[in-house]
Amino acid sequence: MPRQRMVSHALSKLGAALSLTALLASGPALADELVIATASPAGVYHITGRALCSLVDIPCEARTSGGSAANLTALRDGEVPVALAQSDLQHYAVTGSAGFATAGPDPNLRAIAALHGEPFTLVVRRDSGITGFADLRGRSINVGNPGSGQRGTMMTLLEAWGWSLGDFRPANELPADQQSLELCHGNIEAMVYTVGHPNPSIAQAVRLCDAILVEVGGEPVDRLVAGTPYLTRATIPAGLYGDDQPAVETFGVRATLVTSAAVDEALIYRLVAALFDNLDTFKAFHPAYADLSPETMIREGLSAPLHEGALRYYREQGWIEDEAPAPETEAFSAPGADRGSSD
């Protein structure tokens, strides 16, 4: 190859490499691509991510993950631009409390919108004799993998009861997409899941091994809900998992869509516009979205400040006139230290 062509070829390769380096360095702030961290492929979070990706007019990936805690850490580290997280985990991350105490408060965490409710769900083998949460002591249960929603909410509930993981025999750490079959095989007697309903993993357990949903209540739950602003009473409607399934009383959190202050305003604006301009289309993706409305989606379960891209859209719609209030900065004295996330 002549020297001039060799120099030209080398410069061309160098230019391409520099372009790629610049692309990678810009990371999640790019306004022409989107990655949404979700959770297990068996849960509503992944359906939510895929639904959102179907609405935006830019390349979009709904990426599976370990759940809310893992998502919030990835968001903080700049590994993803947008993530789904339970409302309790969002609060812990922004205040640097509970499982985020070592990392400290995340001043760059920003909220986009609240989504569906996620009841804390207790599923047991019908032949286990378990009729309430108090019956779980000394039983073999699945508390969820670290970084998962059921694990995070379970640790909160255990603290309210004055229990620890050592009270179970044993406390399994299976991910959500494995626990139903383990229940059916008799390897665990109960599983917990913080998730939107109906859920295919729970439906599988009900269908294959006659599992049932059990109410989660009592004085510890009353106290927990009364003292925790991001927890609410929840009811799993009757008939979702068969004609003989009664309504089940429990408590729950909300799924929330979060991002970082470092992410491009235009990207978040496009995502928010795609969601709310096509809200009816989005709600058709899953029954858990049926009751969503702008009024609840821009206020409930949001501890972090709204991202500027989201605020821009909400102001254009006349939904928000003033700056969103700053989140609480005083660390919440949350129970438990092992927080995970969701579905």
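For the structure itself, consult the block above.
Residues numbered from 1 in each chain as written. Predicted model: local features only at pLDDT ≥ 70, side-chain atom pairs only at ≥ 80, totals over all residues. Heavy atoms only, no water.

A. Region of interest: the packing of aromatic side chains. Inspection of every chain in the model, using the stated rule, returns 14 aromatic pairs. When the centroid spacing of 5.6 Å and the interplanar angle of 90° are considered together, the rings of Phe276 and Tyr314 count as edge-to-face. Of this pair, Phe276 sits in helix α9 (residues 265-277) while Tyr314 sits in helix α12 (residues 308-316), and the two are 38 residues apart along the sequence. For Phe276, a relative accessible area of 8% corresponds to the buried category. Just above the ring of Tyr269 sits the side chain of Arg312; from NZ or CZ to the centre is 3.7 Å. (Phe/Tyr/Trp six-rings, centres within 6.5 Å; stacked < 30°, edge-to-face > 60°. Helix = DSSP H or I, 4+ residues; strand = E, 2+ residues; numbered from the N terminus. Buried < 20%, exposed > 50% of the residue type's maximum accessible area, 1.4 Å probe, protein only. Lys NZ or Arg CZ within 6 Å of the ring centre and 35° of its normal.)

B. Structural detail: the state of the cysteines. Inspection of every chain in the model, using the stated rule, returns two disulfides. Across the disulfide from Cys184 sits Cys209; the S-S distance is 2.2 Å. In this structure the cystine formed by Cys184 and Cys209 twists about its S-S bond by roughly -65°; its chirality is therefore left-handed. Here Cys184 is found in helix α6 (residues 176-184), whereas its partner Cys209 is found in helix α7 (residues 200-209), with 25 residues between them in sequence. Each member of the pair, Cys184 as well as Cys209, carries the same accessibility label: buried. (Disulfide = S-S within 2.5 Å.)

C. Layout of the pairing of strand β7 (residues 190-194). Along β7, five of the five residues are buried, which leaves the element largely enclosed by surrounding structure. Of the two faces of β7, the one carrying Ala190, Val192 and Thr194 and the one carrying Met191 and Tyr193 are both buried. Sheet analysis places strand β4 (residues 109-125) next to β7, joined by five bridges and oriented antiparallel. The residue of β7 that forms the bridge with Val123 is Met191. Bridge count for strand β5 (residues 141-142) against β7 is two bridges, and the pairing is parallel. Residue Asn142 lies in a different strand from β7, and its bridge partner there is Met191. (Pairing = 2+ DSSP bridges.)

D. The arrangement of the nonpolar core in detail. By size, the foremost hydrophobic cluster in this structure holds 106 residues, and its most contacted members are Phe282 and Tyr314. Here the element with the most residues in this core is β4; it accounts for 10 residues. (Core = buried A, V, L, I, M, F, W, Y, C linked by side-chain atoms within 4.5 Å.)

E. View of the layout of surface pockets. Looking at the largest pocket, its volume works out to about 590 Å³. If you go around the largest pocket, you meet 28 residues; those closest to its centre are His116, Gly117, Glu118, Ala288 and Asp291. Secondary structure elements with two or more residues in the lining of the largest pocket: β4, β9 (232-236) and β10 (248-260). By residue number, the principal contributor to the lining of the largest pocket is β9, which donates five residues. Of the residues contributing to the lining of the largest pocket, the split by class is 14 nonpolar, nine polar and five charged. (1 Å grid on protein atoms, 1.4 Å probe; cavity = no way out; pocket = protein on both sides within 12 Å on 5 of 7 lines; lining within 4 Å. Points joined across faces, edges and corners; volume = space filled by probe spheres on them. Nonpolar A, V, L, I, M, F, W, Y, C, P; charged D, E, K, R; others polar.)

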